[in-house]
Amino acid sequence: MPLLEREAQLASLAEYADHARHGEGRLLLIAGEAGVGKSALVDEAQRGLPDATWSWGACDGLFTPRPLGPLFDIAGKLGGELLELCRAGAPREELFSALLRQVSLPGELHVLVVEDAHWADEATIDLLRYLGRRIRDAAVLLLVTYRDEGLTATDPLRVALGDLAAQRSVRRISLPPLSAAAVAVLAQGSGLDQAALYRLTGGNPFYVSQAVQAGTGEVPASARDAVLARAARLGTESRAVLDAAALIGTRVELGLVESVAGCAAPAIDELLASGLLAADGMALRFRHEIARLAVAEAVGAHRRAAIHARILATLQDLGCDDDARMAFHAEAAGDRQAALRHASAAARRAAALGAHREAVAQYERALRCTDGTDPATVASLHDGFAYEASLLDRWQEAADARERALGLWRDVGDRLREGDTLRWLASSLGYLSRGEAGIAAGREAIALLEPLGPTAELAWAYATQAGTLMVHGASNDAIRLARQAQAVAGPLGLTEVLSDALNSEACASHKNGGEWAGALRQALDVALAGQHEAAAARAYANLHACHVDRHEWAAAQPYYTAGIAYCDDHDVTTYVICLRIGQASVLEATGRWDEVSALCQELLAGGPSPIQRVSVLYQLGRVSGRRSQPGTWEYLDAAAELADKGGEPQRIVPVRLARAEACWLDGRLADARREAELADDVAGGGDEWERGAVAVWLRRTASDRPPRGAVASPYQREVDGDWAAAARLWADLGCPYEAGLAMLGSADEAALHEALRIFAGLGASATVRLTRQTMRGLGIHSIPAGPRTATREHPLGLTRREQEVLDLICTGHTNAEIAGKLFISVRTVDHHVSAVLAKLDAPTRSAAATQAARLGAARPAGRPGQRVDRDQDEAGLA
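Figured I'd write up the structure that's included with this text. Remember, it's a predicted structure, so these values are computed and weren't measured experimentally.

1. Quick look at the overall build of the protein chain
- When its secondary structure is counted, the protein chain shows 47 helices and 8 strands.
- Relative to the compact-globule value of 29 Å for 878 residues, the protein chain shows a C-alpha radius of gyration of 32 Å, a close match.
- Taken along the three principal axes of its C-alpha coordinates, the protein chain extends 100 × 80 × 50 Å.
- Across the 878 residues in the protein chain, those meeting the buried criterion constitute 57%.

2. As for the sheet that holds strand E3 (residues 110-115)
- Ordered by their spatial adjacency, 5 strands build an open sheet running E2-E3-E4-E1-E5, and the pairing between neighbours is parallel. Strands with a single pairing partner mark the edges of an open sheet, and in this sheet they are strand E2 (53-58) and strand E5 (170-174). Pairwise comparison of adjacent strand axes, ignoring direction, gives a mean angle of 15° for this sheet.
- Relative to strand E4 (residues 140-146), E3 runs parallel, the two sharing 5 bridges. What sits directly across from Leu112, in E4, is Leu142.

3. Looking at unusual backbone geometry
- For Ser433, which is not a glycine, the phi torsion comes out positive at approximately 60°.
- Looking at the secondary structure, you find Ser433 in the loop between helix H22 (415-431) and helix H23 (435-449).
- Exposure remark for Ser433: the relative accessible area of 0% places this residue in the buried category.
- Within the chain, His551 stands out as a residue other than glycine whose phi angle is a positive 60°.
- The topology assignment puts His551 in the loop between helix H28 (533-549) and helix H29 (553-569).

4. Considerations on the pattern of salt bridges
- For the structure shown, the criterion picks out 53 salt bridges.
- Here Arg394 makes a salt bridge to Glu364, at a shortest N to O gap of 3.7 Å. With Arg394 in the loop between helix H20 (375-391) and helix H21 (395-412) and Glu364 in helix H19 (residues 356-368), this residue pair connects regions lying 30 residues apart in the sequence.
- Exposure remark for Arg394: the relative accessible area of 27% places this residue in the partly exposed category.
- Notably, a salt bridge pairs Arg410 with Glu418, separated by 2.9 Å at the nearest N-O pair.
- Here the salt bridges do not stand alone but share partners, grouping Asp637, Asp644, Arg656, Arg659, Arg674 and Glu675 into one network.

5. Topic: the sheet that holds strand E8 (residues 283-286)
- Strand order in this open sheet of 3 strands is E6-E8-E7, and the pairing throughout is antiparallel. What marks the edges here is a single partner per strand, and that holds for strand E6 (251-253) and strand E7 (277-280). Shown here is a sheet whose adjacent strand axes are inclined to one another by a mean of 30°, direction ignored.
- As defined by bridge partners, E6 adjoins E8 across 3 bridges and the pair is classed as antiparallel. Of the residues in E8, the one forming a bridge with Glu253 is Ala283.
- This element, helix H12 (residues 236-248), spans E6, E7 and E8 of the sheet and lies at about 115° to E6.

6. Re the nonpolar core
- The biggest cluster of nonpolar side chains holds 77 residues, and the ones touching the most others in it are Trp664, Tyr715, Trp730, Tyr737 and Phe759.
- Here this core gets 10 residues from one element, more than from any other, and that element is helix H34 (residues 649-665).
- Setting aside anything within four residues of it in sequence, one finds Tyr715 in contact with Trp689, Gly692, Ala693, Val696 and Trp730.

7. So, the packing of aromatic side chains
- Under the criterion given, the structure shown has 11 aromatic pairs.
- Ring centres 5.3 Å apart and planes at 70° place the aromatic pair Tyr387 and Trp424 in the edge-to-face group. Highlighted residues: Tyr387 in helix H20 and Trp424 in helix H22, separated in sequence by 37 residues.
- Judged by relative accessible area, Tyr387 falls into the partly exposed class, the value being 25%.
- With 5.1 Å between their ring centres and 75° between their planes, Tyr715 and Trp730 make a pair best called edge-to-face. With a gap of 15 residues between them, Tyr715 in helix H37 (residues 713-719) and Trp730 in helix H38 (residues 723-732) connect regions that are remote in the sequence. Neither Tyr715 nor Trp730 differs from the other in exposure class; each is buried.
- Counting every residue linked through ring pairs, the aromatic cluster contains Trp593, Tyr737 and Phe759.
- Across from the ring centre of Trp424, 3.9 Å away, lies the NZ or CZ of Arg423, which sits over that ring.
- For the cation-ring pair, Arg700 lies above Trp697, with the distance from its terminal atom to the ring centre recorded as 4.6 Å.

8. What about the side chain of Asp687?
- Structurally, the position occupied by Asp687 is in the loop between helix H35 (669-683) and helix H36 (688-700).
- Look at Asp687 and you get buried, because its relative accessible area is 7%.
- A polar contact of 2.8 Å, which involves the side chain of Asp687, links it to the backbone nitrogen of Trp689.
- A polar contact of 3.1 Å, which involves the side chain of Asp687, links it to the backbone nitrogen of Glu690.

9. Some points on the environment of Ala160
- Locating Ala160 in the fold gives a position in helix H7 (residues 156-164).
- When the C-alpha positions of Ala160 and Ala17 are compared, they lie 23 Å apart, and in sequence the two are 143 residues distant.
- Ala160 has contacts with Ile125 and Arg129, leaving out every residue within four places of it along the chain.

10. Overview of the side chain of Thr145
- Take Thr145: it is sitting in strand E4.
- Exposure remark for Thr145: the relative accessible area of 0% places this residue in the buried category.
- Separated by 3.0 Å, the side chain of Thr145 and the backbone nitrogen of Asp116 make a polar contact.
- Apart from the residues lying within four places of it in its own chain, the contact partners of Thr145 are Ile30, Lys38, Val42, Val114, Glu115, Asp116 and Ala117.

11. A closer look at the packing of helix H40 (residues 749-762) against helix H41 (residues 765-777)
- Contact pair H40 / H41: the axes reach a minimum separation of 9 Å and the direction vectors enclose 165°. The pairing of H40 with H41 is recorded here as roughly antiparallel in orientation. Along this stretch, H40 crosses H41, giving a crossing that reads as left-handed. Contacts between H40 and H41 involve Leu752, His753, Leu756, Phe759 and Ala760 from the former and Thr767, Val768, Thr771, Arg772 and Met775 from the latter.
- Here the residues of the contact of H40 with H41 sort into 6 nonpolar, 3 polar and 1 charged.

12. Section: helix H14 (residues 265-274)
- Where H14 is concerned, the buried positions are Ala267, Ile268 and Leu271. Down the axis of H14, the sector holding all buried residues measures 100°, keeping them to one side. Opposite the buried face of H14, by more than 90 degrees, sit the exposed residues Pro266 and Ala273.
- Buried residues in H14 make contact with H12, helix H13 (254-261), E7 and E8.

Calculation notes
Residues numbered from 1 in each chain as written. Predicted model: local features only at pLDDT ≥ 70, side-chain atom pairs only at ≥ 80, totals over all residues. Heavy atoms only, no water. Helix = DSSP H or I, 4+ residues; strand = E, 2+ residues; numbered from the N terminus. Rg over C-alpha atoms; globule rule 2.2 N^0.38 Å. Buried < 20%, exposed > 50% of the residue type's maximum accessible area, 1.4 Å probe, protein only. Pairing = 2+ DSSP bridges. Axes fitted to C-alpha atoms, helices over the stretch in contact; angles between N-to-C directions. Salt bridge = Lys/Arg side-chain N within 4 Å of Asp/Glu carboxyl O. Contact = heavy atoms within 4.5 Å. Core = buried A, V, L, I, M, F, W, Y, C linked by side-chain atoms within 4.5 Å. Phe/Tyr/Trp six-rings, centres within 6.5 Å; stacked < 30°, edge-to-face > 60°. Lys NZ or Arg CZ within 6 Å of the ring centre and 35° of its normal. Polar contact = N/O pair within 3.5 Å; in protein donor to acceptor, adjacent residues only side chain to side chain. Parallel < 35°, antiparallel > 145°, perpendicular 65-115°, else oblique. Left-handed = near helix turned anticlockwise from the far one by under 90°. Nonpolar A, V, L, I, M, F, W, Y, C, P; charged D, E, K, R; others polar. Arc of directions from axis to C-beta.

In structure tokens, the structure reads:
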């Protein structure tokens, strides 16, 4: 059938191909609903680019896919180094770089096609990320088709597409349904009611084509009915081939289906003539997955298992090495022994390729087929499943699997594996906010393993317990155990244990106020060199977290950026969440609260582990409390329950301080003091920043408790009563809210006005209310009647300070000059400039000035040091 209403998309595709031909590689994302014609568009583009080298790969929704299936498809076409590495089972990093090298050779345009990416495994999604970041200087056009309906916010593909959107090489094409006019063209001569056809199909090209070709004389109720109407006209032998093909997959090897169905050539010819299948080299393929599903679902259950058994036997005879494919057909055939064998192998290969979701699915399949299997094998499968699930932040499932494995190892009498499973269980329990149980399990693991001598399992038990004690505030014990782990691991060459132990030792030293950065960077280097994915991800997360704890935003950012990219590339979900929680702390401290709320709501929707949920909940509660928004105490109560259950001071302290602040803002000083003292009870030593946060809240809530040792400089100034110095230090750190709180502790009218302005700009209505109460208590009369009066009246939504900054931008002042004129820090100016650019939707300062002039929003700037239109901006004084 003709391709209608796709001229604009084909023109764009040709343009991007021309860019790629000239060395500006493009990754083109082609989105649309099922049956809208994504593959047809690519087919038509291929006819328009006959001189390019085309290589196709497809993701299959029939079964849990073989990781990197599209890459293996493409390797079969390209041959050479890539195919050799695929056959040798090379690591995925080598496969990715080999593909890029092979298609980047000068002199020809390579077009790579990955179809149906909505079914992509995690490793294939990582391949798309890898290529998207690197093909911009190569003569490569990468076409990726996917269904955009039904993708959740946390779907790995949607997350990856969001990451890729910022890449210079990435472009998008969306395919809408056909218009009524186009449907009428396609229906000409069919005898169908054209209006009814459009109404029922919604303009979906595949449905339209199937309805027209069904030849029923009336519009079928669904695409499935249309497909089955066409299939009903086939001969008996051809229908048997069609049924077998539907159970094999979207792409069907000719020799395989001929052997499975025992058919002659005329049956294949009839199928091709029917249009249900199309020739694809030495294979057949369904025109669309909708057609394959319609046929497959119509195969009776009593026949389905027999067909799968024949497919499995034929694949074995053909020497198929795709264990994922074999496992699917074996289970469907009821051959549990074969399913167990192939699913176990597929799980291990998926894990090695970083496709952890696929590994979990294969372990689940293997565990469904373990009836009559020896306990040690089943225990190993549970352990394998638990490890892969933990990388996906599925900690309850991991813990349940470890418990089952533990019982089986005890039944077998294997003390080494029992001890190893116990130390893994200890880690899982920690993530489930079951801290005391985790510590006990870790202690039991060490007691079991120490009599067995210096083994890898003992080294890991020491290292795991060191990490557990570190997060529970037992820093000295954590350092001792981390060094014991290194002593055992070093002679055994266990670099992953070394990285983990160095990491825990460094973090414990950080909590003790000692040197930490060098050891933590060494932990990262060791993990990267050894290609230890979880250890490297943990090192990135803790490097970021330690710098964030110390308010070193610039030092933290590179670890966040590199860490997110690494975790995404290697499908390590747990540490992606850790890094994003750390980034939420940065956003909160620097006054970007709308982003905090959006990020935390997104994390919450993804169902993080209980211990990570604590951080998300208290961030949401803290911001909503400052803004007098509903849900504050629901968030903070849930956070406190989980934090207390987990027993980790690093979670309990910020939760209790957030609760102290919320009570303080509500005017409940005694409750606020109680919460601050609860934080002090568990803070123990802590680091100088944690001690400082506790100390200032003890002071604000009129507690008579003194600080527990030295505190960080901004906090020390507040404790000393030097609000002006504290405010300057906080402003220099880029922390506007903390600067405002420091000024709120003064009796200076100008400082309180500035604090009020800061809080109003942040939307902190509860803190605004408290500030105005404080000012009235001091007898100050010039108090704004309400927050952001001028902001609400400003046509662009600018605050008074943002308008002042915009005026100075328009007259060509630098940020340093603006800071001097307005008597604020350069970092505060940076914050205001960012806000102004965002509100004017301007990418640069010059664009903001042009936009302001066009809208009449720029005003003449006052003399240096003069407040601009202060009386007007503070209209409505009480």
